[in-house]
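These are the residues of each chain, in order.
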Amino acid sequence: MALPRALRAPRRLCERQTRSGGLNGRPEKMQDVCYSWWCLSALSILGRLHWIDGAALSRFILHCQARARVPE
């Protein structure tokens, strides 16, 4: 049975969450903060933030932030 049209986009966005917690833009691509932001924003607009693991996404973003810091 096919999903109702209103649930197709949020479902596909949720499928973008990888094991690391980040989100990628399409299958077989690495997750990154930019894709995570766009997917998260779209899910927020669609009222489906509860469909992803928010804690895992937060850990992923914080991990990326820690790696990107430039020593003073």
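One numbering rule holds for all chains: residues counted from 1, following each sequence as written. Residues qualify for local features only when their pLDDT is at least 70, as the model is predicted, and side-chain atom pairs are given and counted only at 80 or more; totals for whole chains, interfaces and linings, by contrast, use all residues. For the side-chain quantities, the full set of heavy atoms in the structure was used; hydrogens and water were omitted.

Caption draft 1: Region of the structure containing the environment of Ser-36. Strands here mean DSSP runs of E at least two residues long; helices mean DSSP runs of H or I at least four residues long; both are numbered from the N terminus. Inspection of the secondary structure puts Ser-36 in helix α2 (residues 33–45). For the pair Ser-36 and Leu-13, spaced 23 residues apart in the sequence, the C-alpha separation amounts to 9.7 Å. It only takes one pair of heavy atoms within 4.5 Å for two residues to be counted as in contact. Apart from the residues within four sequence positions on either side, Ser-36 is in contact with Gly-22, Leu-23, Leu-57 and Phe-60. Of the polar contacts made by the side chain of Ser-36, one reaches the backbone oxygen of Asp-32; its length is 2.8 Å. Counting of polar contacts relies on pairs of N or O atoms within 3.5 Å, with two restrictions inside protein: one atom must be capable of donating a hydrogen and the other of accepting it, and residues adjacent in sequence are counted only when both atoms are side-chain atoms.

Caption draft 2: Summary view of unusual backbone geometry. The backbone of Glu-28 sits at a positive phi, close to 70°, despite the residue not being glycine. The topology assignment puts Glu-28 in the loop between α1 (5–14) and α2.

Caption draft 3: Spotlight on the nonpolar core. Here, nonpolar core means buried Ala, Val, Leu, Ile, Met, Phe, Trp, Tyr and Cys residues that are tied together by side-chain atoms lying within 4.5 Å of each other. The rule is simple: take the accessible area with a 1.4 Å probe, protein chains only, and divide by the maximum for that residue type; under 20% is buried, over 50% is exposed, in between is partly exposed. Ranked by size, the top nonpolar core spans nine residues in total: Leu-13, Cys-14, Leu-23, Cys-39, Leu-43, Ile-52, Leu-57, Phe-60 and Cys-64. Looking at this core, the elements with two or more residues in it are α1, α2 and α3 (54–68). Sorting elements by how many residues they give to this core places α3 first, with three residues.

Caption draft 4: Quick peek at the packing of α1 against α2. Running from N to C, α1 and α2 cross one another at 150°; their axes reach a closest spacing of 10 Å. By crossing handedness, the relation of α1 to α2 is classed as left-handed. Together, Pro-10, Leu-13 and Cys-14 of α1 and Cys-39, Ala-42 and Leu-43 of α2 make up the contact between the two elements. Of the residues in the contact of α1 with α2, the class split is six nonpolar, no polar and no charged. Here, axes are lines fitted to C-alpha atoms. For helices the fit covers the stretch in contact, and angles between N-to-C directions go from 0 to 180 degrees. When the near helix sits turned anticlockwise from the far one by under a right angle, the crossing is termed left-handed; a clockwise turn instead gives a right-handed crossing. Each residue gets one of three labels, nonpolar for Ala, Val, Leu, Ile, Met, Phe, Trp, Tyr, Cys and Pro, charged for Asp, Glu, Lys and Arg, and polar for the others, Gly among them.

Caption draft 5: View of the side chain of Asn-24. You can see Asn-24 is positioned in the loop between α1 and α2. Its relative accessible area of 5% is what places Asn-24 among the buried residues. Setting aside its immediate chain neighbours within four residues, Asn-24 contacts Arg-16, Thr-18, Lys-29, Met-30, Gln-31, Tyr-35 and Cys-39.

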